[in-house]
Each structure stands twice: as structure tokens, then as C-alpha cells.
Amino acid sequence: SVYLIEDELEPEQVKTLCSRMDYFVGTRFHSCIYAMSANVPTIAVAYQYKTTGIMHRVGLGDYTVPIENLEVKALKSVFEKIVEHRSLLKEMLQLRIPDLRRQVYENSEPVSEDFLSSKGMN
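It should be emphasised that the depicted structure is a prediction, and the values quoted were computed from it without experimental measurement. (Residues numbered from 1 in each chain as written. Predicted model: local features only at pLDDT ≥ 70, side-chain atom pairs only at ≥ 80, totals over all residues. Heavy atoms only, no water.)

A.B. asks: Go over the overall build of the chain with me, naming the residues and quoting the values.
C.D. replies: Along its length, the chain carries six helices and three strands. Traced from its N-terminal end to its C-terminal end, the chain shows the element sequence α-β-α-β-α-β-α-α-α. Within the chain, buried positions represent 26% of all 122 residues. Considering only contacts in the chain between residues 6 or more positions apart, those separated by 24 or more positions represent 36%. Split by element, the accessible area of the chain, about 9100 Å² in all, is 52% carbon and sulfur. (Helix = DSSP H or I, 4+ residues; strand = E, 2+ residues; numbered from the N terminus. Buried < 20%, exposed > 50% of the residue type's maximum accessible area, 1.4 Å probe, protein only. Contact = heavy atoms within 4.5 Å. Areas by Shrake-Rupley, 256 points an atom, 1.4 Å probe, with all protein chains shown as cover.)

Below, the structure is given as C-alpha cells:
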């Protein structure tokens, strides 16, 4: 089934929608991250180099299509592969995502009260 949503959604709503999908194909990488964090097998249409790097790091490098090579035939081929390996990919994401989350938190710096004040966020 395909649903067209024309409403402007909050990030949390987008994340919820992504988590309910069987497969996800995206160009905006934050939406791909939302899907992968919910263990949804994902194909990223990469328009930036960092997309390819992150997909490789997650273990989904083979499921990246550079935007300059975006053709129906190429996308269909990758989609057929993701359907074939769905169970394996879900298991892999389930194992890798917690470690990646941990690495992100370990490498991030705390947000200072001064920063929050300057943004009107406290």
C-alpha cells in the first residue's frame, strides 16, 4: 500500500511513520536514520558522500544508490536484494544500532546552559 501524506509533520511523527514500514527508501538521511533505528531495512539515495559512509558503517553499504546513478533499473535491483535479505538485515540492524547509538553518545559533548540560554531553550 502507498499513502500520500501532504501534511507537514513533526520529526517524532515522521519517525513513527518510518518505524511502521516494511522497507524504507529515502533521500533525506535523517529519515533513513529514523527507519534504521527502528530496524527497518533501508535504501539510501545518496546525494552526499557522508550518506554512503554512514550506510557502510551500519552495514547497509550495498543498499545505497548514488543519486547520479538513480535509474529505475538500479533502484529495482537494490530493492529486490533488500526484500530477499529482509530478515537478515533486520537482525543486523537490531545488533548494530545500539552500538552506534552508544558511540554517538560517547563522542558527543554536553550542551551548556549558556548555549541553551542563547537559543531561548531554558
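Moving on from the coordinates now.
A.B. asks: How would you explain a nonpolar patch on the surface if you had to name every residue and give the values?
C.D. replies: A cluster of nonpolar side chains, Tyr-3, Ile-5, Leu-17 and Met-21, forms an exposed patch at the surface whose accessible area comes to about 420 Å². The residue Tyr-3 is located in the segment before α1 (11-19) in this model. (Patch = residues over 30% accessible without salt bridge, like charges linked within 9 Å, V, L, I, M, F, W, Y side chains within 5 Å. Salt bridge = Lys/Arg side-chain N within 4 Å of Asp/Glu carboxyl O.)

A.B. asks: Quick one: what's the story with the pattern of salt bridges, residue by residue and with numbers?
C.D. replies: Applying the stated rule across the entire model yields two salt bridges. For the salt bridge of Arg-86 with Asp-22, the shortest nitrogen-to-oxygen distance reads 3.5 Å. Here Arg-86 is found in helix α5 (residues 86-107), whereas its partner Asp-22 is found in the loop between α1 and β1 (24-26), with 64 residues between them in sequence. Judged by relative accessible area, which is 25%, Arg-86 ranks as partly exposed. With a closest N to O distance of 4.0 Å, Lys-76 and Glu-80 form a salt bridge. Pair noted here: Lys-76 and Glu-80 are both in helix α4 (residues 72-84), with a separation of four residues, about one helical turn. Overall, the relative accessible area of 52% leaves Lys-76 in the exposed class. Under the relative-accessibility criterion, Glu-80 is labelled partly exposed at 46%.

A.B. asks: Explain the nonpolar core to me, and be specific about the residues and the numbers.
C.D. replies: Within the largest apolar cluster, 21 residues are counted, with the highest numbers of intra-cluster contacts made by Met-36, Val-58, Leu-60, Tyr-63 and Leu-93. Those elements that provide at least two residues to this core are α2 (29-37), β2 (42-46), α3 (49-58), α4 and α5. Looking at this core, the element that brings in the most residues is α5, giving five residues. When sequence neighbours within four positions are dropped, the list of residues in contact with Leu-93 reads Met-36, Asn-39, Val-40, Pro-41, Val-58, Leu-60 and Pro-98. (Core = buried A, V, L, I, M, F, W, Y, C linked by side-chain atoms within 4.5 Å.)

A.B. asks: Break down the environment of Gln-13 for me, with residues and values.
C.D. replies: In this structure, Gln-13 sits in helix α1. In terms of polar contacts, Gln-13 uses its side chain to reach the backbone amide nitrogen of Glu-10, at 2.7 Å. (Polar contact = N/O pair within 3.5 Å; in protein donor to acceptor, adjacent residues only side chain to side chain.)

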